[in-house]
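Here's the letter readout for the chains.
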Amino acid sequence: MDLPNDPVMLLSVVNTKLRDFYPDFETFCRENDLDAEEIQKKLSAISYEYSVSQNQFV
């Protein structure tokens, strides 16, 4: 899966995928062969962190 480099666009894509298709961030990354740490780093740069209870970056 190709994800956008722009952090705001990345946030939108990841949260949409989490909401519509995946039970958690770990499953999303594993099933799409993505680097979870890289995604978290990009999103933390714009002050977003993954919320387990909400299954989204907030």
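As a starting point, this report considers the structure included with it. (Residues numbered from 1 in each chain as written. Predicted model: local features only at pLDDT ≥ 70, side-chain atom pairs only at ≥ 80, totals over all residues. Heavy atoms only, no water.)

Moving on: the overall build of the protein chain. A tally of regular secondary structure across the protein chain gives 3 helices and 2 strands. Its C-alpha radius of gyration of 10 Å places the protein chain within 12% of the 10 Å reference for a compact globule of 58 residues. Residue burial in the protein chain is summarised as follows: out of 58 residues, 29% are buried. Pairs at least 24 residues apart make up 48% of the contacts formed inside the protein chain by residues separated by at least 6 positions. (Helix = DSSP H or I, 4+ residues; strand = E, 2+ residues; numbered from the N terminus. Rg over C-alpha atoms; globule rule 2.2 N^0.38 Å. Buried < 20%, exposed > 50% of the residue type's maximum accessible area, 1.4 Å probe, protein only. Contact = heavy atoms within 4.5 Å.)

Running from N to C, helix H1 (residues 7-21) and helix H3 (residues 36-44) cross one another at 125°; their axes reach a closest spacing of 9 Å. When the axes of H1 and H3 are compared, the pair comes out oblique. Considering the relative orientation of H1 and H3, their crossing is left-handed. Between H1, through Pro7, Leu10, Leu11 and Val14, and H3, the contact on the second element is made entirely by Ile39, Lys42 and Leu43. A breakdown of the residues in the contact of H1 with H3 according to their chemical character gives 6 nonpolar, no polar and 1 charged. (Axes fitted to C-alpha atoms, helices over the stretch in contact; angles between N-to-C directions. Parallel < 35°, antiparallel > 145°, perpendicular 65-115°, else oblique. Left-handed = near helix turned anticlockwise from the far one by under 90°. Nonpolar A, V, L, I, M, F, W, Y, C, P; charged D, E, K, R; others polar.)

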